[in-house]
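Topology and contacts: notes
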Amino acid sequence: MRRWLNTGLTSWMVMATFATVVLLLVSADSYTHDYYDHYDSATFFASGKAWMSGLIPYVDFSDSKGPLLWLIYGAGYLLSPRTTLGVFWITCLVYAFIFWWLYKTASIYLDDKRQAMFAAMATAISVFFPVVRYETRAEDFALFFLVWALYHVCRLLHHDGGDAPRQLFRASVVLAVGMAATLLIKYNVSAMLGVMALFVLYDAWRRHLGVWRHVGVMALTSVLVLAPFAIYMLAVGCLDDFVREYFVVNMEVVARQHARMGHPVNMLIAHRYTVGVYLLLNGLSALAIGLWVRRYRAFVVVAFLATVLLTVTNAFWLYYYAVCGIFVCFGVVALMRRLACRPMRLWALLAGATAVVAVVLAMHLCHDESWFFRDNAERKALYGYAYIMSQRTRPRIIYYNTCTSGFGIPVGSLPGCKYWTSQSGATQQMVDDQLQAIMRREADFVFSLKDYDKPAMFDSLGYHRYTNHSNLTMLLYSRDSLAAPPPGWHVTDLDVLLKRPVKVLAD
């Protein structure tokens, strides 16, 4: 059995099974959850859908994230056009590799492979801590590249396995792929990887293996990753729009957030008893591994501090801290070494994995509001709106003075204008773009916050108002008068669990 677990493919399958079970239970995209707890992820899904439907990114639609994130969600849309299940299965694949690389990282410091597996699995309690991770976002996919790079750098700096030139080359290539890819997702993670790259280059200098050679490897690899996106954008004529929207406009939006909300550290101070403890545990874990390594004792601590500092500068929302959760793995490793545990039995590994799943599930049972079995007024209102919108083929939607929600997912909606969803710190151009599209009646549907509703304006433009009497914060306006759900129509728990398309239900 020990030999069976030591094979690379089998260990990956164990981690993949574990990741899938956890995500099935806690992911907002899985079979066990409904659509009304989707916000940023609904924006990414709609953006990916728009791109796959022929709209040009940063010209016909725009948001604050990069094209690789939209490409991932676009693939999820192609797998399942009217549900989030495509994204769910992509996320399962991503987390299979995340936990596998955490396992391989733990294996650098632990001889027993089952202990290393448990260390990786236990990290799920931190990675899926619900205060910082309550839907699939850019941080989940950025974490893929962050953990991949962390493993290769730890192997280079802390493993005495020889073959330093090959390990240096691999670490350089992986870091370059990660920096380029995260630049196309959320570029502050690229800076986190850049800190790791400095350690790799220093190690190349210390070993006299050519610093500039590895700088060249990183530069060439990054170009190879970025080139396909640049070529596509040049071909469709949106490269300058990408640079302006993703970098220049984003910086202006962040500056406006700072002016309106103050420094993001205030968010951390306000949640010091939850996020503060979460960061403390990860920081102590990063510090603990330094007791067991002979070289580069400060690397993991510096990597953790860089991750936190590069996060807190822009963390207006708590989910920004999700990338910090992986460092708990080092704490579990250090604890096992300190206790001098005997080799872990298979039954102990299974019991430990079950306990981890139970803890993660318990944290999310109270926090998540979109479990499939919660047949409440919010679900009725959401599917009532979906019933109305399903009477239009691929309806165009604008979220006026509010962020995107999951309303449009089951009806195949598309963005109603370039800045179709409101951002925190939105510029005047973004506000005007929405207003002009609404005035010209270009959108089939407009969602508006109840607290900032303008019924007189919409009435003068001929929009029809559909309100709801639930805790949903939004109400719907339709360009045309459409049939409301008939009396007694509702969506059942089984409909939600099976992710049945609303259009079929409406028929």
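Scroll up for the structure.
Residues numbered from 1 in each chain as written. Predicted model: local features only at pLDDT ≥ 70, side-chain atom pairs only at ≥ 80, totals over all residues. Heavy atoms only, no water.

Re the overall build of the protein
Broken down by element type, the protein carries 22 helices and five strands. For 507 residues, the compact-globule estimate of 2.2 N^0.38 gives 23 Å, and the protein sits close to it at 24 Å. The C-alpha extent of the protein, read off along each of the three principal axes, is 75 × 50 × 40 Å. Looking at the 507 residues of the protein, the share that counts as buried comes to 58%. A separation of at least 24 residues holds for 74% of the contacts in the protein among residues at least 6 apart in sequence. Taken as a whole, the protein presents about 20900 Å² of accessible surface, with 65% of it coming from carbon and sulfur. (Helix = DSSP H or I, 4+ residues; strand = E, 2+ residues; numbered from the N terminus. Rg over C-alpha atoms; globule rule 2.2 N^0.38 Å. Buried < 20%, exposed > 50% of the residue type's maximum accessible area, 1.4 Å probe, protein only. Contact = heavy atoms within 4.5 Å. Areas by Shrake-Rupley, 256 points an atom, 1.4 Å probe, with all protein chains shown as cover.)

Comments concerning the sheet that holds strand β4 (residues 464-466)
Strand order in the open sheet formed by five strands is β2-β1-β3-β5-β4, with mixed pairing between adjacent strands. Unpaired on one side and paired on the other, β2 (414-415) and β4 mark the two borders of the sheet. Against the sheet, helix α19 (residues 428-439) contacts β1 (396-400) and β3 (445-449), and its axis sits at roughly 130° relative to β1. (Pairing = 2+ DSSP bridges. Axes fitted to C-alpha atoms, helices over the stretch in contact; angles between N-to-C directions.)

Comments concerning unusual backbone geometry
Among all residues except glycine, the phi angle is most often negative; among peptide bonds, the trans geometry is most common. At Y296, a position not held by glycine, the phi torsion is positive, near 50°. For R441, which is not glycine, the phi dihedral falls at a positive 55°. With respect to the element layout, R441 can be found in the loop between α19 and β3. Accessibility expressed as a relative area gives 28% for R441, which makes it partly exposed.

Details of the pattern of salt bridges
Following the criterion strictly, the structure yields 18 salt bridges and no others. Ionic pairing is found between R392 and D480, a salt bridge with its closest N-O pair at 3.5 Å. Residue R392 is found in the loop between α18 (377-389) and β1, and its partner D480 is found in the loop between β5 (474-478) and α21 (493-497); the two are separated by 88 residues along the sequence. In this structure R392 comes out as partly exposed when scored by relative accessible area, which is 28%. When the shortest N-O distance is used, the salt bridge between D444 and R479 registers 2.6 Å. Remark: R479 occurs in the loop between β5 and α21 and D444 occurs in the loop between α19 and β3; sequence separation between them is 35 residues. Of the residues examined, R479 reaches a relative accessible area of 21% and is grouped as partly exposed. (Salt bridge = Lys/Arg side-chain N within 4 Å of Asp/Glu carboxyl O.)

Re the packing of aromatic side chains
Scanning the model with the defined rule gives 47 aromatic pairs in all. Arranged with centres 5.1 Å apart and planes meeting at 70°, the rings of W101 and F144 form a pair that is edge-to-face. Taken as a pair, W101 in helix α5 (residues 85-109) and F144 in helix α8 (residues 138-158) lie far apart in primary sequence, 43 residues in all. A residue is classified by how much of its surface remains accessible, and W101, at 7% relative accessible area, is buried. Between Y387 and W489, the ring centres sit 4.9 Å apart and the planes meet at 65°, which makes this aromatic pair edge-to-face. Pair noted here: Y387 is in helix α18 and W489 is in the loop between β5 and α21, with a separation of 102 residues, a long-range link. Under the relative-accessibility criterion, Y387 is labelled buried at 12%. (Phe/Tyr/Trp six-rings, centres within 6.5 Å; stacked < 30°, edge-to-face > 60°.)

Points about the packing of helix α2 (residues 8-26) against α5
Viewed as axis vectors pointing N to C, α2 and α5 meet at an angle of 130°, and their least axial separation amounts to 8 Å. By the angle between their directions, the pair α2 and α5 is classed as oblique. Crossing handedness for the pair α2 and α5: right-handed. For the pair formed by α2 and α5, the contact residues are G8, S11, W12, M15, A16, F18, A19, T20, L23 and L24 on the first element and F88, W89, T91, C92, L93, Y95, A96, F97, F99, W100 and Y103 on the second. Within the contact of α2 with α5, the residues separate by chemical class into 17 nonpolar, four polar and no charged. (Parallel < 35°, antiparallel > 145°, perpendicular 65-115°, else oblique. Left-handed = near helix turned anticlockwise from the far one by under 90°. Nonpolar A, V, L, I, M, F, W, Y, C, P; charged D, E, K, R; others polar.)

Section: a nonpolar patch on the surface
On the surface, L280, L284 and L287 cluster together to form a nonpolar patch covering roughly 300 Å² of accessible area. Note that L280 resides in helix α14 (residues 272-288). (Patch = residues over 30% accessible without salt bridge, like charges linked within 9 Å, V, L, I, M, F, W, Y side chains within 5 Å.)

Structural notes on the pairing of β1
Counting buried residues in β1 gives four out of five residues, a clear majority hidden from the surface. Sheet topology note: the β1/β2 ladder contains two bridges and is parallel. By the bridge assignment for β2, I397 is matched with P415. The pairing of β1 with β3 spans four bridges and is classified as parallel. When the sheet's bridge partners are listed, Y399 is paired in β3 with F447.

Considering the pairing of β3
Most of β3 sits out of view: five of its five residues are buried. Because side chains alternate across β3, one face comprises the buried residues F445, F447 and L449, and the other comprises V446 and S448, equally buried.

Overview of the side chain of T427
With respect to the helices and strands, the residue T427 is situated in the loop between β2 and α19. Leaving out residues up to four positions away in the same chain, T427 has contacts with E252, V253 and R256.

Considering the nonpolar core
Judged by nonpolar contacts, the single largest core of 169 residues is most densely connected at F128, L175, F299 and Y321. Once you skip the residues sitting within four places of it in the chain, L175 turns out to touch A149, V153, L193, M196, A197, V200 and M218. In this structure, V249, V253, Y419 and M430 belong to the second largest nonpolar core, which totals five residues. (Core = buried A, V, L, I, M, F, W, Y, C linked by side-chain atoms within 4.5 Å.)

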